[in-house]
Amino acid sequence: MGNSDLRRLDREIQATTKKLEAVRRGESWPLNGRERRAMARVLASGSYRAARGRSTGRAEEQIDSLGSAAEMRLSAELTALHGERQRLITEAARAKAQKKSSGWF
């Protein structure tokens, strides 16, 4: 394990944290392609229904569920990154302890 691996993971953790905060604010740039297409579809159908004077309740619910799904995806990704970082740190500590214990004095 090198410091470069930890720095790379730290950068990914920071980027994912920024994405998660943006999704919580309702921004759409952190969404992946599938989520963006679904969001565009829901917005189009909701605006069509609003233009016709009908209820947009279902479209609003779908927008909320898409946002929460994206939030859940990013939270899981962040948890996995933290777990990987911890694994690398533990692995390095084991290697260091092994190296120390096998020394001459």
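Parameters at a glance
Residues numbered from 1 in each chain as written. Predicted model: local features only at pLDDT ≥ 70, side-chain atom pairs only at ≥ 80, totals over all residues. Heavy atoms only, no water. Helix = DSSP H or I, 4+ residues; strand = E, 2+ residues; numbered from the N terminus. Rg over C-alpha atoms; globule rule 2.2 N^0.38 Å. Contact = heavy atoms within 4.5 Å. Areas by Shrake-Rupley, 256 points an atom, 1.4 Å probe, with all protein chains shown as cover. pLDDT = per-residue confidence, 0-100. Salt bridge = Lys/Arg side-chain N within 4 Å of Asp/Glu carboxyl O. Buried < 20%, exposed > 50% of the residue type's maximum accessible area, 1.4 Å probe, protein only. Axes fitted to C-alpha atoms, helices over the stretch in contact; angles between N-to-C directions. Parallel < 35°, antiparallel > 145°, perpendicular 65-115°, else oblique. Left-handed = near helix turned anticlockwise from the far one by under 90°. Polar contact = N/O pair within 3.5 Å; in protein donor to acceptor, adjacent residues only side chain to side chain. Core = buried A, V, L, I, M, F, W, Y, C linked by side-chain atoms within 4.5 Å.

Draft legend 1. How the structure looks around the overall build of the protein. Summing up its helical and strand segments, the protein has 3 helices and 0 strands in all. Start at the N end of the protein and walk to the C end: the helices and strands fall as α-α-α. Since a compact globule built from 105 residues should have a radius of gyration of about 13 Å, the 22 Å found for the protein marks it as more spread out than a globular shape. With the C-alpha coordinates of the protein rotated into their principal frame, the extents come out at 85 × 20 × 20 Å. A separation threshold of at least 6 residues defines the contact pool for the protein, and within that pool the share at least 24 residues apart is 68%. Of the roughly 7,800 Å² of accessible surface on the protein, a fraction of 53% belongs to carbon and sulfur atoms.

Draft legend 2. Main features of the confidence of the model for the protein. Per-residue confidence for the protein averages 92 on the pLDDT scale, and 95% of its residues sit at or above 70. Ranking the elements of the protein by mean pLDDT puts helix α3 (residues 57–101) last, at 93, and helix α2 (residues 33–51) first, at 95.

Draft legend 3. Quick peek at the pattern of salt bridges. Using the criterion set out here, one finds 8 salt bridges in the structure. A salt bridge links Glu12 to Arg8, with the nearest nitrogen and oxygen atoms 2.9 Å apart. Of the two residues, Glu12 and Arg8 both sit in helix α1 (residues 3–25), 4 residues apart, roughly one turn of that helix. The class of Arg8 is partly exposed, set by a relative accessible area of 36%. The shortest N-O distance in the salt bridge between Glu27 and Arg25 comes to 3.0 Å.

Draft legend 4. Geometry of the packing of α2 against α3. It is the contact of α2 with α3, at a shortest axis distance of 9 Å, that shows an interaxial angle of 165°. If you check the angle between α2 and α3, you find them roughly antiparallel. The way α2 lies across α3 gives a crossing that is left-handed. Counted together, Glu35, Ala38, Met39, Val42, Leu43 and Gly46 of α2 and Ala59, Gln62, Ile63, Leu66, Ala69, Ala70 and Arg73 of α3 form the full contact between these two elements.

Draft legend 5. Summary view of the environment of Asp10. Within the secondary structure, Asp10 is located in helix α1. Residue Asp10 is classed as partly exposed on the basis of its relative accessible area of 27%. Sequence-wise, Asp10 and Leu81 are 71 residues apart; in three dimensions their C-alpha atoms are separated by 8.6 Å. Within the structure, the side chain of Asp10 is placed 2.6 Å from the side chain of Arg85, a separation counted as a polar contact.

Draft legend 6. Representation of the nonpolar core within the structure. By size, the foremost hydrophobic cluster in this structure holds 15 residues, and its most contacted members are Val23, Leu31 and Leu66. Only α1, α2 and α3 provide two or more residues apiece to this core. Ranked by the residues each element gives to this core, the list is headed by α3, at 7 residues. Beyond its immediate stretch of four places on either side in the chain, Leu31 contacts Val23, Arg36, Met39, Ala70 and Arg73.

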